Amino acid sequence: MKKIILRILILVIICFTTTRLLGYLEYKSYKDKGAILVEKVEEYKAKHNKLPKSEEDIDFTFEMGNGPFYKKIDSLRYIVYFSIGFDEYFTYSSETREWKDTR
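Caption draft 1: Region of interest: the overall build of the protein. Along its length, the protein carries one helix and four strands. The N-to-C order of helical and strand elements in the protein reads α-β-β-β-β. Taken against the 2.2 N^0.38 rule, which gives 13 Å for 103 residues, the C-alpha radius of gyration of the protein at 19 Å runs more than 25% over that of a compact globule. Referenced to the eigenvectors of the C-alpha coordinate spread, the extents of the protein come out at roughly 70 × 25 × 25 Å. Long-range contacts, defined here as pairs at least 24 residues apart, represent 30% of the contacts in the protein between residues at least 6 apart. By element, 58% of the accessible surface of the protein is carried by carbon and sulfur atoms, the whole surface being about 8000 Å². The averaged location of the 16 negative side-chain charges in the protein is 8 Å from the averaged location of its 18 positive side-chain charges.

Dropping the structure here:
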């Protein structure tokens, strides 16, 4: 009986660890892809002294799907975001310079 409980416990730990690792790798991928877009926006801003209106201004091509997407908030602020589910986003704010998960 103890061996069965130990095996189940080990299996649960492996499943939990694998799930956490996959989640971490997914968010790392979002940050890495988003960092490319953020860098292009910042380069455009430094060169033209204004934010781009859209991704087209910085000649950024992205994969269809969940992003990254760029949105100009006002003349000084923008966000880069990924749509990760219905009404759920992973967003970079130029104001805070941080990524935030809205889940």
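Caption draft 2: Main features of unusual backbone geometry. With a phi angle near 60 degrees, Asn-49 is a residue other than glycine that sits in the positive phi range. Its location among the elements puts Asn-49 in the loop between α1 (2–48) and β1 (69–72).

Caption draft 3: Expanded view of the pattern of salt bridges. If you walk through the whole model with that rule in mind, you get four salt bridges. With a shortest N-O distance of 3.8 Å, Arg-97 and Glu-42 are connected by a salt bridge. One end of the pair, Arg-97, is in the loop between β3 (88–93) and β4 (98–101); the other, Glu-42, is in helix α1, with 55 residues separating them in the sequence. Classification of Glu-42 by relative accessible area gives partly exposed; the value is 23%. A salt bridge links Arg-77 to Asp-74; the shortest N-O distance between them is 3.0 Å. On the basis of relative accessible area, Arg-77 is assigned to the partly exposed category, the value being 32%.

The rules we used
Residues numbered from 1 in each chain as written. Predicted model: local features only at pLDDT ≥ 70, side-chain atom pairs only at ≥ 80, totals over all residues. Heavy atoms only, no water. Helix = DSSP H or I, 4+ residues; strand = E, 2+ residues; numbered from the N terminus. Rg over C-alpha atoms; globule rule 2.2 N^0.38 Å. Contact = heavy atoms within 4.5 Å. Areas by Shrake-Rupley, 256 points an atom, 1.4 Å probe, with all protein chains shown as cover. Lys, Arg positive; Asp, Glu negative; His and termini not counted. Charge placed at Lys NZ, Arg CZ, Asp CG, Glu CD. Salt bridge = Lys/Arg side-chain N within 4 Å of Asp/Glu carboxyl O. Buried < 20%, exposed > 50% of the residue type's maximum accessible area, 1.4 Å probe, protein only.

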